[in-house]
Amino acid sequence: MSALFNFQSLLTVVLLMICTCAYIRSIVPSILDRNKSGFLGTFWKCARIGERKSPYIAFFCLFMAFSILFCT
């Protein structure tokens, strides 16, 4: 089943994208900083969310990991 039709999978994909973009921006910021608009600007926005809301993102990553491991 596609991640678009399963809400838990969609949330997992979004969290992984936010965490990955924030990590890439911390290692090589020039890759994401040059594309702040358009389709590739989505990755820059995900990196900003991951940087600014990192305690909340970390909590939701732990919550999703727990739910995937023990509730599925």
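Quantities reported herein were computed from a predicted structural model and do not represent experimental measurements.

Asker: Lay out the side chain of Arg25 in plain terms, naming residues and giving numbers.
Answerer: Its place among the elements puts Arg25 in helix α1 (residues 7-27). Those residues in contact with Arg25, other than ones at most four positions away along the chain, are Leu32, Asp33, Trp44, Ala47, Arg48 and Glu51.

Asker: Just give me the short version of the environment of Ala22, but keep the residues and values in it.
Answerer: Within the element layout of this structure, Ala22 appears in helix α1. Of the residues examined, Ala22 reaches a relative accessible area of 16% and is grouped as buried. For the pair Ala22 and Arg48, spaced 26 residues apart in the sequence, the C-alpha separation amounts to 7.0 Å. Contacts of Ala22, omitting those with residues within four sequence positions, involve Ala47, Gly50 and Glu51.

Asker: Which residues make up α1, and what are the values?
Answerer: Between the first and last C-alpha of α1 there are 31 Å, a value that for 21 residues agrees with the 30 Å anticipated at 1.5 Å per step. Within the sequence span of α1, burial applies to Leu15, Ile18, Cys21, Ala22 and Arg25. For α1, the angular spread of the buried residues around the axis is 130°, confining them to a single face. Exposed residues on α1 whose side chains face more than 90 degrees from its buried face are Leu16, Tyr23 and Ile27. Those residues of α1 that are buried are in contact with α2 (29-33), α3 (41-52) and α4 (54-70).

Asker: Now, about the packing of α1 against α4: what can you tell me, with residues and values included?
Answerer: Between α1 and α4, the shortest axis-to-axis distance is 10 Å and the interhelical angle comes to 140°. Relative to α4, α1 is oriented oblique. Handedness of the α1/α4 crossing: left-handed. Where α1 abuts α4, its residues Gln8, Leu11, Thr12, Leu15, Ile18 and Cys19 lie against Ile57, Phe60, Cys61, Met64, Ser67 and Ile68. A per-class count over the contact of α1 with α4 returns nine nonpolar, three polar and no charged.

Each value, and the rule that gives it
Residues numbered from 1 in each chain as written. Predicted model: local features only at pLDDT ≥ 70, side-chain atom pairs only at ≥ 80, totals over all residues. Heavy atoms only, no water. Helix = DSSP H or I, 4+ residues; strand = E, 2+ residues; numbered from the N terminus. Contact = heavy atoms within 4.5 Å. Buried < 20%, exposed > 50% of the residue type's maximum accessible area, 1.4 Å probe, protein only. Expected span 1.5 Å × (residues − 1). Arc of directions from axis to C-beta. Axes fitted to C-alpha atoms, helices over the stretch in contact; angles between N-to-C directions. Parallel < 35°, antiparallel > 145°, perpendicular 65-115°, else oblique. Left-handed = near helix turned anticlockwise from the far one by under 90°. Nonpolar A, V, L, I, M, F, W, Y, C, P; charged D, E, K, R; others polar.

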